[in-house]
Amino acid sequence: MHEFTPEVEELAKEILAYSLERLKSDPPLDGPRSAEDLFAEVGNTITAKGLGGKKALEVFTEVLAKACISSDHPRNLAFIPSAPSEFANLFDLVVGASALYGGSWQEGAGAVFAENQALRWLSDLAGLPESSGGVFVQGGTIGNLSALVVARAQARKKFPETRRFVVACSEEAHSSIASAANVMDVDILKIPTDENGKLQGAAVGAAVDQLHATGESRVFAVVATAGTTNLGIIDNLASIGKAAHDRDIWFHVDGAYGLAALCAPSVRPLFDGVEMADSFIVDPHKWLFAPYDACALVYREPKYGKEVHTQHASYLETLHDDSWSPSDYAIHLTRRVRGLPFWFSLAAHGVDAYTDAMEQSLVIAKQAAELVRAHPNLELLCEPELSIVAFKRKGWKKEDYQSWSDKLLADQVGFIPPSSHDGEPILRFAIVNPWTKISDIKIILATL
Ligand SMILES: *Cc1c(COP(=O)(O)O)cnc(C)c1O
């Protein structure tokens, strides 16, 4: 039988104590150190005899963990950070201790059932039909790629003569769309947005028609972004969805960051048209209070996903029945049940708590935008649609932004790396953390 030695038991207690302390206290900001510096302190940790659990844990907690920036610090407003709920983080410990296989129904039925209910909540919020479904994948990048591969397979069936396939998106689309196009060896049609940074259906229709009229290339998918990463702008989903479907083209909505706000009534109308999506993604590890790494990928017609992504081999045929195997819906086979921490937190807290937390981030973003507007040295770029507040510091050059940001981190005040817009440096607050208070924003603004 299973042997649980006193040494393991002791280590379990230490690990639980460390995890509990980490959850209870303010997350450290800390910051990166060079590999040489870290080596000088810990040396080579991989040895013939092993360090022992106690020592290896100490190396991590005392040195390595302190060379990382916590993504859930309330003044870490960089990129899109993360703010897992305590329940979600705690349940990740359960997942880690359970050796659950999330690739097939046969092996992971109970866990997959729970993941599917969490996915159902998202697809219901989006207004997709009962038949929709999907899978939690590693991140938005893999989610977008997996969806686009399915979209192309559909186009290949419908338009077998096509020489070159093209994915259409706006200039503000996330870098992962270009990455997917590169992996798939397809071209990209970048369509200009309107003066508010929103992609509109009319522009999509015109650009696609022009491409189809003048060449042998064909657009196999139109990607709309529901919450751009830089500024949080939501494309005009209804008109884009219509432009795509009028031309028999797959409509994919990249909502890695923004679609989380589907559960916030105050902004829900901004997402109208998402119900037309053939596929969409949203990352619970961004704004739905789940730990890394989890992207929900949902298809209107999951059977198309299954046609493309199911892997075939003699040793796998036993799995191929009518049951729902998550490995069939994306580019992966073995997978951890990464949707479970999200499911647990959602099940335990109830969806109203998610709505409240989401509305709260939206309020903080609005208040932050007002403070920026009132600040003598700052210039607000645009009114936030979601929870990203972008602005410029009058009179600063690129180097000034960088040195301010470096000092902010070095002083342990916050983590706000500069970005750019229209070729000009900007700063942005990405607010996804319920612990981020307006007092945190004031502390940062006082340094500008
Ligand atoms: C973050 C993001 C992605 C990529 O998601 P990862 O989980 O980082 O791979 C894709 N699209 C948008 C709009 C994003 O904000």
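Computed from a prediction, not measured in an experiment: that's the story for all the values here.

(A) Region of the structure containing the side chain of Arg75. With respect to the helices and strands, the residue Arg75 is situated in the loop between helix 3 (53-64) and helix 4 (86-96). Of the residues examined, Arg75 reaches a relative accessible area of 15% and is grouped as buried. For Arg75, the side chain forms a polar contact with the main-chain oxygen of Val413, separated by 2.5 Å. Beyond its immediate stretch of four places on either side in the chain, Arg75 contacts Gln412, Val413, Gly414, Phe415, Ile416, Asp440, Ile443 and Ile444.

(B) Local environment of the sheet that holds strand 6 (residues 279-282). Read across the open sheet, the seven strands follow the order 1-7-6-5-4-2-3; overall the sheet is mixed. Strands with a single pairing partner mark the edges of an open sheet, and in this sheet they are strand 1 (133-137) and strand 3 (187-191). Ignoring strand direction, the axes of neighbouring strands in this sheet form an average angle of 20 degrees. Taken together, the five bridges between strand 4 (residues 217-225) and strand 5 (residues 250-254) define a ladder with parallel strand orientation. Note on strand 5: the bridge partner recorded for Val222 is Phe251.

(C) Quick look at the site of the ligand. Among the 15 residues in the neighbourhood of the ligand, the closest are listed as Gly140, Thr141, Asp254, Asp283 and Lys286. Gly140 has a polar backbone atom sitting 2.7 Å from an oxygen atom of the ligand. Between the ligand and Asp283 there is a distance of 2.7 Å, counted from an oxygen atom to a side-chain nitrogen or oxygen. Compared with its free state, where it exposes 380 Å², the ligand has 88% of that area covered by protein. Looking at the shell around the ligand, the element that brings in the most residues is helix 6 (residues 140-158), giving three residues. The class makeup of the residues in the shell around the ligand is two nonpolar, 10 polar and three charged.

(D) Broad picture of unusual backbone geometry. A cis amide bond, omega -10 degrees, links Tyr292 with the succeeding residue Asp293. Of note, the phi angle at Asp30 is positive, near 45 degrees, even though the residue is not glycine. The topology assignment puts Asp30 in the loop between helix 1 (6-24) and helix 2 (35-42). Asp30 gets classed as partly exposed once you look at its relative accessible area, which sits at 23%.

(E) Molecular detail of the packing of aromatic side chains. Counted by the stated rule, this structure contains 17 aromatic pairs. Judged by centre distance (6.0 Å) and plane angle (75 degrees), the ring pair of Trp121 and Tyr354 falls under edge-to-face. One end of the pair, Trp121, is in helix 5 (residues 105-126); the other, Tyr354, is in helix 13 (residues 351-374), and 233 residues separate them in sequence. Residues Trp121 and Tyr354 agree in their burial class; the two are buried. Ring centres of Phe136 and Phe342 lie 6.1 Å apart, and the angle between their planes is 70 degrees; this geometry places the pair in the edge-to-face category. Of the two residues, Phe136 sits in strand 1 while Phe342 sits in helix 12 (residues 340-349), which places them 206 residues apart along the sequence. The pair formed by Phe136 and Phe342 is uniform in burial state, with each residue classed as buried. Pairwise contacts between aromatic rings join Trp121, Phe136, Phe289, Phe342 and Tyr354 into one cluster. The residue whose ring lies beneath Arg218 is Phe159, and the NZ or CZ to ring-centre distance is 3.8 Å.

(F) How the structure looks around the packing of helix 5 against helix 12. Two numbers describe how helix 5 lies on helix 12: the axes approach to 9 Å, and their chain directions differ by 65 degrees. The angle between helix 5 and helix 12 places the two elements in the roughly perpendicular class. In this structure, the crossing between helix 5 and helix 12 has a hand that is left-handed. Counting all contacts with helix 5, which are made through Ala111, Ala114, Glu115, Ala118, Trp121 and Leu122, the residues of helix 12 involved are Leu340, Phe342, Trp343 and Leu346. Each residue belonging to the contact of helix 5 with helix 12 can be placed in one class, and the counts come to nine nonpolar, no polar and one charged.

(G) Representation of the domain arrangement of the protein. If you check the domain split of the protein, you get domain 1 (1-30 + 33-67), domain 2 (94-349) and domain 3 (351-445). With 30 residues of domain 2 at the contact, the number on the domain 3 side is 23 residues. Taken together, the two surfaces of domain 2 and domain 3 that pack against each other cover about 2,200 Å², and 64% of this comes from carbon and sulfur. Looking at the side of domain 2 facing domain 3, the largest losses of area belong to Leu231, Trp287 and Phe289, adding up to 31% of the total buried there. A salt bridge links Lys198 to Glu385; the shortest N-O distance between them is 2.8 Å. Counting across the domain 2 and domain 3 interface gives 12 residue pairs in polar contact (both at pLDDT 80 or more).

(H) Fine view of the nonpolar core. Residues Phe271, Trp287 and Phe342 are the most contacted members of the largest nonpolar core, which totals 58 residues. Top element by residues in this core is helix 5. It accounts for five residues. Here this core gathers at least three residues from each of two domains, domain 2 (94-349) and domain 3 (351-445). Not counting chain neighbours up to four residues away, the residues in contact with Phe342 comprise Ala118, Trp121, Leu122, Phe136, Pro284, Leu288, Ala290 and Tyr354. Within the second largest apolar cluster, 29 residues are counted, among which are Val150, Ala180, Met184 and Tyr329.

(I) Local environment of the environment of Gly139. With respect to the helices, strands and loops of the structure, Gly139 is situated in the loop between strand 1 and helix 6. The exposure class assigned to Gly139 is buried, which follows from its relative accessible area of 5%. For the pair Gly139 and Ala294, spaced 155 residues apart in sequence, the C-alpha to C-alpha distance is 5.6 Å. Leave out the neighbours within four places in its chain, and Gly139 touches Asp283, His285 and Cys295.

Thresholds applied
Residues numbered from 1 in each chain as written. Predicted model: local features only at pLDDT ≥ 70, side-chain atom pairs only at ≥ 80, totals over all residues. Heavy atoms only, no water. Helix = DSSP H or I, 4+ residues; strand = E, 2+ residues; numbered from the N terminus. Buried < 20%, exposed > 50% of the residue type's maximum accessible area, 1.4 Å probe, protein only. Polar contact = N/O pair within 3.5 Å; in protein donor to acceptor, adjacent residues only side chain to side chain. Contact = heavy atoms within 4.5 Å. Pairing = 2+ DSSP bridges. Axes fitted to C-alpha atoms, helices over the stretch in contact; angles between N-to-C directions. Near = heavy atom within 4 Å. Areas by Shrake-Rupley, 256 points an atom, 1.4 Å probe, with all protein chains shown as cover. Nonpolar A, V, L, I, M, F, W, Y, C, P; charged D, E, K, R; others polar. Phe/Tyr/Trp six-rings, centres within 6.5 Å; stacked < 30°, edge-to-face > 60°. Lys NZ or Arg CZ within 6 Å of the ring centre and 35° of its normal. Parallel < 35°, antiparallel > 145°, perpendicular 65-115°, else oblique. Left-handed = near helix turned anticlockwise from the far one by under 90°. Domains from an automatic or database assignment. Buried area = accessible area lost by both parts, 1.4 Å probe. Salt bridge = Lys/Arg side-chain N within 4 Å of Asp/Glu carboxyl O. Core = buried A, V, L, I, M, F, W, Y, C linked by side-chain atoms within 4.5 Å.

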